[in-house]
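Here's the letter readout for the chains.
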Amino acid sequence: MQISATPTHCPYCALQCGMNLTPAPDGTVEVSERADFPVNRGALCGKGRTAPAVLSSRVRLTSPLVRSEGVLVPATWDEALERIAGGLRRTRTEHGPDAVGVFGGGGLTNEKAYTLGKFARVVLGTSQIDYNGRFCMSSAAAAGTKAFGLDRGLPFPLEDIPKTGCVILVGSNLADTMPPSLRFFNELKENGGTLIVVDPRRTKTAEQADLHLAPRPGTDLALALGLLHLVVAEGRVDEAYVQERTTGWEDARAAAMAHWPEYVERITGVSVPQLRETVRLFCEPENAMVLTARGPEQQSKGTDTVGAWINLCLATGRAGRPLSGYGCLTGQGNGQGGREHGQKADQLPGYRKLDDPAARRHVAEVWGVDPDSLPGPGRSAYELLDALGTDIRSLLLMGSNPVVSAPRAAHIEERIKSLDFLAVCDVVLSETAALADVVLPVTQWAEETGTTTSLEGRVLLRRRAITAPDGVRSDLEVMHELADRLGVEKGFPTDAEEVFEELRRASAGGPADYSGITYRRLADENGVFWPCPADVQDGEDASSAASGEDTAAQGVPAGAHPGTPRLFLDRFATPDGRARFVPVSHRASAEEPDDEYPVLLTTGRVVAQYQSGAQTRRVDELNAAAPGPFVELHPRLAARLGAAEGDPVAVVSRRGRAVAPARITTSIRPDTVFMPFHWPGEGRANTLTNPALDPTSRMPEFKACAVRLEMLT
Ligand SMILES: Nc1nc2c(c(=O)[nH]1)N[C@H]1C(S)=C(S)[C@@H](COP(=O)(O)OP(=O)(O)OC[C@H]3O[C@@H](n4cnc5c(=O)[nH]c(N)nc54)[C@H](O)[C@@H]3O)O[C@H]1N2
Ligand SMILES: Nc1nc2c(c(=O)[nH]1)N[C@H]1C(S)=C(S)[C@@H](COP(=O)(O)OP(=O)(O)OC[C@H]3O[C@@H](n4cnc5c(=O)[nH]c(N)nc54)[C@H](O)[C@@H]3O)O[C@H]1N2
Ligand code: SF4
Ligand SMILES: [Mo]
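The following paragraphs examine the structure supplied in this document. Everything numeric in this text was worked out from a predicted model, so none of it was measured. (Residues numbered from 1 in each chain as written. Chains lettered and ligands numbered in written order. Predicted model: local features only at pLDDT ≥ 70, side-chain atom pairs only at ≥ 80, totals over all residues. Heavy atoms only, no water.)

**Quick look at the site of ligand 3**
Note the threshold: Residue proximity to a molecule or strand is established when one non-hydrogen atom of the residue lies within 4 Å of it. Charged means Asp, Glu, Lys or Arg here, nonpolar means Ala, Val, Leu, Ile, Met, Phe, Trp, Tyr, Cys or Pro, and polar covers whatever is left, Gly included.
Around ligand 3, the neighbouring residues are C10, Y12, C13, L15, Q16, C17, L44, C45, K47, G48, P179 and P180. Among the residues forming the shell around ligand 3, the class breakdown is nine nonpolar, two polar and one charged.

Encoded structure:
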């Protein structure tokens, strides 16, 4: 029997590489090249290629677990679901609805993220829901919304990158974090364009650059302001564009002019000639782009920092024009869609705001509830985790492993342990699931259908390719069952397409409008870029137009909206259609080195592990490539410390102490050490990190804190 391959997408990062899956006779799943998907054209990184290993029952959960006399023991689904419903109900009765918390993840499909937000507001009646995307790109989202009136990570497809003249890549190590995307930057260089990388480390990505700037961690804001100062001083402002398409230039200009290049050199460590060269390379070509990732964003001033890079784009006329613009490289598999449909504390589906009365009315109508019954905005992710065991007594967690990934993780681990009740849905027994009162084993990407929205804003269909093992159920089934047990019998379908149909209506007319997108179109068109409103005929509302539209068998249905690969070409999404400059000034990180903690710590990723490692640490090939944590440090720092390659080094911050082997390299600044955050235990980087929050985005400062190094005696 010939079993045909199912085209689908990778479970991990936001590139959402296309791949084909074929079940093999021995029960395993084969990954093969899927050349028709334009983003990766068949290429996959090691994580994507080995993702099926996590489908095997050897490494995953296949039975619910409940805590009995202190230990987790297998239980029936009925028993486990009853325990969760009982735990959540008890908290609500004793402490009120806001004592129940919900924590989601940017890896969840649109359907799951949407349902989780609805579950929190409609079934639990709690305002206390947020998700790990707050730790990821929330500063870029806040800055993009301020400047452009809309946040979509990339306002253009990746395929535009090779055709621009210059890209400044700020704090992205995409050679490790999105390897197949390197192709677009290589093509840029082949076409004569230049690549500038801003990273305190000479990463694999920085090695590809024409110019590598290595600022001190936490100083990107000063750097961007210094560049803008030079743009003005050298007469490179696009005055006509500024006049026609922006507002607020005078204040932003005045703020930038206070940042003299020599002052910026002192703060950042980037020399004035390098600043001048950057401005020249960025301004000379007709088109240019700035792309940011976690480096400048995961700072307690991330929103202002991204704002400063956007100002640079606006002053030089490099936004809202073909082949020019600012973009954020979103991280998680559904990092984009996961931030649009309501698992965020202040949000309703379609990227609507929870405190907007019209938005509440629209969504309440789709949900069949009274708008006044919807709770208001809740706490941000770190604040929510920090309130566990005090204001929040029970937590339902789906799609995150905060014991490893949250800042100040030892403290957060204690907060989690102090909960009255914790329920976790996961595919493996993560470090956080291991602390739960009930763990539910759920289906994985290849076993279920659903949509994700990639870093390009391209909505994609992940198709079910294999049958799930006995004993597991989907997250949608879990929410359906729990809603039922908590007294809400309708409105929580288990079929992903049915959920998507409702999501279309809920998002209709909102900033992230999906109403013109159907599963049929996603299958036929290889993804559709939002916004994609349904055609509205006279006298008909968007939702009814949408449901009757998907009749064409192939391609875009006649008269249908084609989707929006490129945003802002005619106008920005602000009320007056103009982009807004934001006046920003440099400020120090929340914690700067001092006598006691003289070294800067920054954190990030390695190519072979993904996030908290819950999934990738269960894959032999990936563990062989990246077996454990390490501390990257410069030979000069190592010599002062007396450390040789591989020596265990203690890294101590005001939050705690971690120990990992030294990895000595000239590719890092001598005043900075780097640790990847993928591992729990002694080498957990997040034992050290500072939960200082950005005032706007509430993003914690993962990328800069003060530490001291000690040799073990
Ligand atoms: N292999 C792998 N790939 C992944 C992931 C993974 O865990 N593993 N996770 C996915 C997710 S969710 C995300 S968000 C993306 C993240 O993708 P990236 O943003 O590329 O990843 P990071 O390693 O966190 O940070 C990028 C770089 O920022 C630099 N950096 C540190 N401090 C600063 C600073 O102050 N300023 C500047 N300019 N740079 C600084 C670091 O040295 C690092 O090289 O990756 C996605 N892809
Ligand atoms: N120090 C430091 N810390 C960081 C960062 C950093 O750069 N430095 N980066 C931050 C960033 S950008 C991010 S995105 C976070 C990520 O950190 P986490 O939020 O911990 O992300 P994951 O490790 O991907 O956790 C996802 C969990 O959900 C499970 N899972 C996967 N798919 C599903 C599903 O469909 N349903 C359910 N129920 N479970 C599923 C996985 O097995 C895993 O246990 O870490 C943040 N932490
Ligand atoms: S780059 Fe990202 S989406 Fe592509 S295979 Fe690797 S982890 Fe998967
Ligand atoms: Mo992320």
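The discussion continues.
**So, the site of ligand 2**
The condition that has to hold: We define a polar contact as two N or O atoms separated by no more than 3.5 Å, with the added condition that, inside protein, one atom must be a possible hydrogen donor and the other a possible acceptor, whereas residues neighbouring each other in sequence contribute only through side-chain atom pairs. Reported accessibility uses the Shrake-Rupley method at a 1.4 Å probe radius. Residues are deemed covered only where the shown protein chains occlude them.
In the region of ligand 2, 31 residues are neighbours, and N132, S400, S405, D426 and S612 sit closest. Contact between ligand 2 and N401: an oxygen atom at 2.9 Å from a main-chain N or O atom of the residue. At 2.7 Å from an oxygen atom of ligand 2 is found a side-chain nitrogen or oxygen belonging to S405. In isolation ligand 2 offers 920 Å² of accessible surface; the protein chains occlude 95% of this area.

**A look at the pattern of salt bridges**
Applicable threshold: Here, a salt bridge means any side-chain nitrogen of Lys or Arg that lies within 4 Å of a carboxyl oxygen of Asp or Glu. Counting from the N terminus, the helices are the DSSP runs of H or I reaching at least four residues and the strands are the DSSP runs of E reaching at least two. Each residue gets one of three labels from its accessible area relative to the maximum for its type: buried under 20%, exposed over 50%, partly exposed in between, using a 1.4 Å probe on protein chains only.
Taken as a whole, this structure holds 43 salt bridges when the rule is applied. Residue R684 is joined to E413 by a salt bridge in which the shortest nitrogen-to-oxygen separation is 2.9 Å. Highlighted residues: R684 in the loop between β27 (672-676) and β28 (690-693) and E413 in helix α18 (residues 409-417), separated in sequence by 271 residues. This pair shows no difference in class: R684 is buried, exactly as E413 is.

**As for the environment of P285**
Keep this limit in mind: In what follows, a contact means two residues having at least one pair of non-hydrogen atoms within 4.5 Å.
The residue P285 is located in the loop between α12 (272-283) and β12 (289-292) in this model. Sequence spacing of P285 and T194 is 91 residues, and the spatial spacing of their C-alpha atoms is 9.5 Å. Not counting residues up to four positions away in its chain, the partners in contact with P285 are G165, C166, R280 and R318.

**Considering empty space enclosed by the protein**
Cut-off, in case you're wondering: In this analysis, the protein atoms alone were mapped onto a 1 Å grid. Cavities are point sets where a 1.4 Å probe fits without being able to get out; pockets are open sets with protein on both sides within 12 Å along at least five of seven lines; lining residues have an atom within 4 Å of a point. Grid points are joined across faces, edges and corners, and a volume is the space filled by probe spheres set on the points.
Taken as a whole and judged by the stated rule, the model has seven cavities of 30 Å³ or more. As a volume, the largest cavity reaches approximately 780 Å³. Secondary-structure elements contributing two or more residues to the lining of the largest cavity are β17 (421-426) and β23 (599-604). Along the lines of polarity and charge, the residues of the lining of the largest cavity split into 15 nonpolar, 19 polar and eight charged. In this structure, the second largest cavity encloses a volume near 540 Å³. Considering the residues around the second largest cavity, the lining is formed by 37 residues, among which G171, N173, T177, R294 and R605 are closest to the centre. Contributions of two or more residues to the lining of the second largest cavity are made by α5 (174-177), α13 (294-297) and β23. Class assignment for the residues of the lining of the second largest cavity results in 14 nonpolar, 15 polar and eight charged.

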